[in-house]
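Residues per chain, in single letters:
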Amino acid sequence: MADALIVIDVQNDFCPGGALAVPEGDAIVPGINALMDDFAAVILTQDWHPADHASFASQHPGKAPMEMTEMAYGPQVLWPDHCVQGTHGAAFHEGLATDRADLILRKGFRRQIDSYSAFFENDRKTPTGLEGYLRTRGIRRVTLVGLALDFCVNYSAVDAASLGLAVTVRTDLTRAIDLDGSLAAARAGMEDVGVELA
Ligand code: VGL
Ligand code: ZN
């Protein structure tokens, strides 16, 4: 049975100095690189937004980053502009061993829908295609690492479990944003659906 390592959003904007910096986001890079050789498949995800993405507070007059808004699909956190397509902030951290990746999956490219998960966008319906990729490669077990634990790693892990994959999150190779208790909620939510937090 083939196992995949899914590396979530290890991009400059989520590392110290970036637009949506996760504390110590860069500290996990050497450990992620070292893990890659243990897996039959390595998949990198890349948050990849148009400059006018609806998840950006800048698109909502009177709103500030980290406030909430209502999208067609429900509540949505408003973020600082980040991971804009083609920018340095959207590029992978320069230390990440990107050559080892079999697949680079971009997400969040539809202006009206954010996409935390590597499997389904935030409307919880629009697929990214990753499910089919894994299935057709015969991959039934995935290990997740990357940024941020309480948003994109969390949503990806819960979706992977809901698709029947065996899911491990190497929490030592993640870091969190921790917005209003989001980290504790994410840990509990992952454990509820059988994600192994290692
Ligand atoms: C992420 C917020 C907005 C993440 C992406 O990678 O966790 N968080 N876009
Ligand atoms: Zn984003």
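The preceding data block contains the structure.
Residues numbered from 1 in each chain as written. Chains lettered and ligands numbered in written order. Predicted model: local features only at pLDDT ≥ 70, side-chain atom pairs only at ≥ 80, totals over all residues. Heavy atoms only, no water.

Engineer: Lay out the nonpolar core with the relevant residues and their values.
Structural biologist: Grouped together as the largest cluster of nonpolar side chains are 58 residues, with contacts concentrated most on Ile 6, Ile 32, Phe 119, Leu 130, Leu 134, Val 142 and Val 167. Broken down by element, this core gets its largest block of residues, 7 residues, from helix 3 (residues 149–162). With sequence-adjacent residues up to four places away left out, Val 167 is seen in contact with Val 142, Leu 144, Ala 157, Ala 160, Ala 161, Gly 194, Val 195 and Glu 196. (Core = buried A, V, L, I, M, F, W, Y, C linked by side-chain atoms within 4.5 Å. Buried < 20%, exposed > 50% of the residue type's maximum accessible area, 1.4 Å probe, protein only. Helix = DSSP H or I, 4+ residues; strand = E, 2+ residues; numbered from the N terminus. Contact = heavy atoms within 4.5 Å.)

Engineer: So what's going on with the site of ligand 1? Residues and values would help.
Structural biologist: By nearness alone, every residue bordering ligand 1 is listed as Asp 9, Phe 14, Leu 20, Asp 47, Trp 79, His 82, Tyr 116, Leu 147, Ala 148, Phe 151 and Cys 152. Residue Asp 47 places a side-chain N or O atom 3.0 Å away from a nitrogen atom belonging to ligand 1. Relative to its unbound accessible area of 260 Å², ligand 1 is 100% covered by the protein chains. With respect to the detected pockets, ligand 1 is housed in the largest cavity. Residue composition of the shell around ligand 1, by class: 8 nonpolar, 1 polar and 2 charged. (Near = heavy atom within 4 Å. Polar contact = N/O pair within 3.5 Å; in protein donor to acceptor, adjacent residues only side chain to side chain. Areas by Shrake-Rupley, 256 points an atom, 1.4 Å probe, with all protein chains shown as cover. 1 Å grid on protein atoms, 1.4 Å probe; cavity = no way out; pocket = protein on both sides within 12 Å on 5 of 7 lines; lining within 4 Å. Sits in = over half its atoms within 2 Å of the grid points. Nonpolar A, V, L, I, M, F, W, Y, C, P; charged D, E, K, R; others polar.)

Engineer: Lay out the coordination of the zinc ion (ligand 2) with the relevant residues and their values.
Structural biologist: At 2.0 to 2.2 Å from the zinc ion (ligand 2) lie its protein donor atoms, namely Asp 47 (OD), His 49 (NE2) and His 82 (NE2). One can describe the donor arrangement at the zinc ion (ligand 2) as irregular, given that its 4 donor atoms subtend angles of 89 to 168 degrees at the metal. Each donor residue of the zinc ion (ligand 2) belongs to the same chain, and together they define the spacing D-x1-H-x32-H. On the criterion of sequence distance, the pair formed by His 49 in the loop between strand 2 (41–47) and strand 3 (68–71) and His 82 in the loop between strand 4 (74–77) and strand 5 (103–107) is long-range, its members being 33 residues apart. (Donors = N, O, S within 2.8 Å, 3.2 Å for Na, K, Ca; no water. Tetrahedral: all angles 85-135°; square planar, octahedral: opposite > 155°, others 65-115°.)

Engineer: If you had to explain the side chain of Gln 76 to someone new, which residues and values would you point to?
Structural biologist: When you line up the elements, Gln 76 lands in strand 4. The exposure class of Gln 76 is buried, given its relative accessible area of 2%. A polar contact is formed between the side chain of Gln 76 and the side chain of Tyr 73, at a distance of 2.9 Å. Side chain to side chain, Gln 76 and Asp 114 meet in a polar contact 2.9 Å long. Once residues lying within four places of it in the same chain are set aside, the contact partners of Gln 76 are Ser 55, Glu 67, Met 68, Thr 69, Met 71, Asp 114, Tyr 116 and Asn 122.

Engineer: Can you tell me about the sheet that holds strand 8 (residues 196–197), naming the residues and giving the values?
Structural biologist: Strand-to-strand pairing in sheets goes through backbone hydrogen bonds, with the strands running parallel or antiparallel. Taken in spatial order, the 6 strands line up as 5-2-1-6-7-8 in an open sheet, and their pairing is parallel. The sheet is open, and its two edges are formed by strand 5 and strand 8, each paired on a single side. In the sheet, strand 6 (residues 139–147) pairs with strand 7 (residues 166–175) via 6 bridges, with the strands oriented parallel. Bridging across to strand 7, Leu 147 finds its partner in Arg 175. (Pairing = 2+ DSSP bridges.)

Engineer: Hey, could you go over the pattern of salt bridges for me, with residue numbers and the actual values?
Structural biologist: Within this structure, the stated rule accounts for 11 salt bridges. For the salt bridge of Asp 52 with Arg 111, the shortest nitrogen-to-oxygen distance reads 4.0 Å. Of the two residues, Asp 52 sits in the loop between strand 2 and strand 3 while Arg 111 sits in the loop between strand 5 and helix 2 (130–136), which places them 59 residues apart along the sequence. By relative accessible area, Arg 111 is classed as partly exposed at 34%. Each member of the salt-bridge network shares a partner with another, and the members are Asp 9, Asp 47 and Lys 107. (Salt bridge = Lys/Arg side-chain N within 4 Å of Asp/Glu carboxyl O.)

In short, shape yes, function no, at least from these values alone.
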